[in-house]
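Residues per chain, in single letters:
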Amino acid sequence: MSDKIITVSELNTTAYLEASIGRPDQYVTIYSGVETVKYLDRSARMPCRQELGIRDGNLLTAWVGRLNRQKDPLTYVRAAKLLSVRFPQMRFVMVGEDPLGESLEQDVRKAIEDLNLGSIVRLLGYRPDVERILAAADLVMHTSLYEGLGRIIVETMLAGTPLVATAVDGVREAVVSGERGGLLVPPNDPAALARAAARLIDDPHLADRLAAAGRSWARERFEVQEMVAAIDRLYQVTYRQRLQRQ
């Protein structure tokens, strides 16, 4: 029934066509835009680290997302346990909640308690200043089991912070493992997540190079005004085409 179908990544289009949904000419990829200027500003890095109690010599790793099964926060907690053994100076924060009623917050809190991580893993809940957290972090870990593309992936890249993310759906379009943005690992694999994180920590030159490449790529593609303009153009063209057929 649709004249056009908008996807947020080319890989989503490929997946839907492989599932026999629609025709190639129906699909248009328009990336989900963000307020890029807000994430490019890293002036809040030190103030935010101080607010979070991050001392000199500490490494800060962040996880941002809804506390539900899709985002798989428990894999992050289990990876934190592995990393804490190798990097005792590392601290972990989790940003988000789940207003949709399927929250895993209690499971996450229990895992933190069972793994004796209470002194180094903090649940910050909902934060309206995610851009400050991303600037403050030395590394962001993303654990989703599936994604369109993952807005936090783009926001992290814009912030210039290296990523370790799961190689799912449109995430693979944004992050080219070892080349742009950070490193990719299989989903639901805490050990692989921890190994990739350790690699970036041990090799700051690699981490900086990947973060810089990710930032440059994201700046060219994810400005929110461009998204709105692209959607507007698509609606205008589609409307005119429909009138011509009547």
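Everything below is about the structure printed above this text.
Residues numbered from 1 in each chain as written. Predicted model: local features only at pLDDT ≥ 70, side-chain atom pairs only at ≥ 80, totals over all residues. Heavy atoms only, no water.

J.: Looking at this structure, I do not really get the sheet that holds strand E4 (residues 90–95). What am I missing?
T.: The strand order across the open sheet formed by six strands is E5-E4-E3-E6-E7-E8, and the pairing between neighbours is parallel. Only two strands of the sheet have a single partner each, and these edge strands are strand E5 (121–125) and strand E8 (182–185). Within this sheet the neighbouring strands show an average axis-to-axis angle of 20°, counted without direction. In this structure, E4 lies alongside E5, joined through four bridges in parallel fashion. Along E5, the bridge assignment pairs Phe92 with Val121. (Pairing = 2+ DSSP bridges. Helix = DSSP H or I, 4+ residues; strand = E, 2+ residues; numbered from the N terminus. Axes fitted to C-alpha atoms, helices over the stretch in contact; angles between N-to-C directions.)

J.: For this particular structure, what's the right way to read the layout of surface pockets?
T.: Approximately 390 Å³ is the volume found for the largest pocket. Taken together, 22 residues make up the lining of the largest pocket; nearest its centre are Val64, Gly65, Arg66, Val95 and Val130. Of all the elements in the fold, those that place two or more residues in the lining of the largest pocket are helix H2 (36–40), helix H6 (130–136) and helix H7 (151–159). Empty space within the second largest pocket amounts to approximately 240 Å³. Taken together, 15 residues line the second largest pocket, and the ones lying closest to its centre are Asp138, Pro162, Leu200, Ala207 and Asp208. Listed by contribution, the elements that provide at least two residues to the lining of the second largest pocket are helix H9 (190–202) and helix H10 (204–219). Broken down by element, the residue count for the lining of the second largest pocket peaks at four residues, all from H10. Grouping the constituent residues of the lining of the second largest pocket by class yields nine nonpolar, two polar and four charged. (1 Å grid on protein atoms, 1.4 Å probe; cavity = no way out; pocket = protein on both sides within 12 Å on 5 of 7 lines; lining within 4 Å. Points joined across faces, edges and corners; volume = space filled by probe spheres on them. Nonpolar A, V, L, I, M, F, W, Y, C, P; charged D, E, K, R; others polar.)

J.: What is the right way to read the packing of aromatic side chains from this model?
T.: Here a ring pair, both rings aromatic, is described through the centre-centre distance and the interplanar angle of the planes. Considering all chains together, one arrives at six aromatic pairs under this definition. Arranged with centres 4.7 Å apart and planes meeting at 35°, the rings of Tyr31 and Phe222 form a pair that is tilted. In this pair, Tyr31 sits in the loop between strand E2 (27–29) and H2 while Phe222 sits in the loop between H10 and helix H11 (224–245), placing the two residues 191 residues apart along the sequence. Comparing Tyr31 with Phe222 shows no difference in burial state: the two are buried. The rings of Tyr31, Trp217 and Phe222 are connected pair by pair, giving a single aromatic cluster. Of note, Arg180 hangs over the ring of Trp217, and the distance from its end group to the ring centre comes to 4.2 Å. (Phe/Tyr/Trp six-rings, centres within 6.5 Å; stacked < 30°, edge-to-face > 60°. Buried < 20%, exposed > 50% of the residue type's maximum accessible area, 1.4 Å probe, protein only. Lys NZ or Arg CZ within 6 Å of the ring centre and 35° of its normal.)

J.: Looking at this structure, how should I read helix H4 (residues 73–86)?
T.: Taking 1.5 Å per residue, 14 residues should reach 20 Å; H4 reaches 21 Å between its end C-alpha atoms and fits that length. Taken together, the buried positions of H4 are Pro73, Leu74, Thr75, Tyr76, Val77, Ala79, Ala80, Leu83 and Ser84. For H4, the elements touching its buried residues are strand E3 (59–64), E4, helix H5 (105–114), E5, strand E6 (139–142) and H9. (Expected span 1.5 Å × (residues − 1). Contact = heavy atoms within 4.5 Å.)

J.: Even after reading the chapter, I still don't get the side chain of Asp72, so can you show me in this structure?
T.: Position of Asp72 relative to the elements: it lies in the loop between E3 and H4. Beyond its immediate sequence surroundings of up to four residues, Asp72 is in contact with Thr143, Leu145 and Asn188.

J.: Looking at this structure, how should I read the pattern of salt bridges?
T.: Pairing between side chains becomes possible if they bear opposite charge and their charged atoms approach one another. Under the defined criterion, the tally for this structure stands at 14 salt bridges. Linking Lys71 and Glu147 is a salt bridge whose minimum nitrogen-to-oxygen distance equals 2.5 Å. Of this pair, Lys71 sits in the loop between E3 and H4 while Glu147 sits in the loop between E6 and H7; the two residues are 76 residues apart in sequence, bridging distant segments of the chain. A relative accessible area of 12% means that Lys71 is categorised as buried. The salt bridge involving Asp129 is made with Arg132; its shortest N-O contact spans 3.0 Å. According to the relative accessible area criterion, Asp129 is buried, its value standing at 12%. Through salt bridges with shared partners, a single ionic network connects Glu51, Arg127, Asp129 and Arg132. (Salt bridge = Lys/Arg side-chain N within 4 Å of Asp/Glu carboxyl O.)

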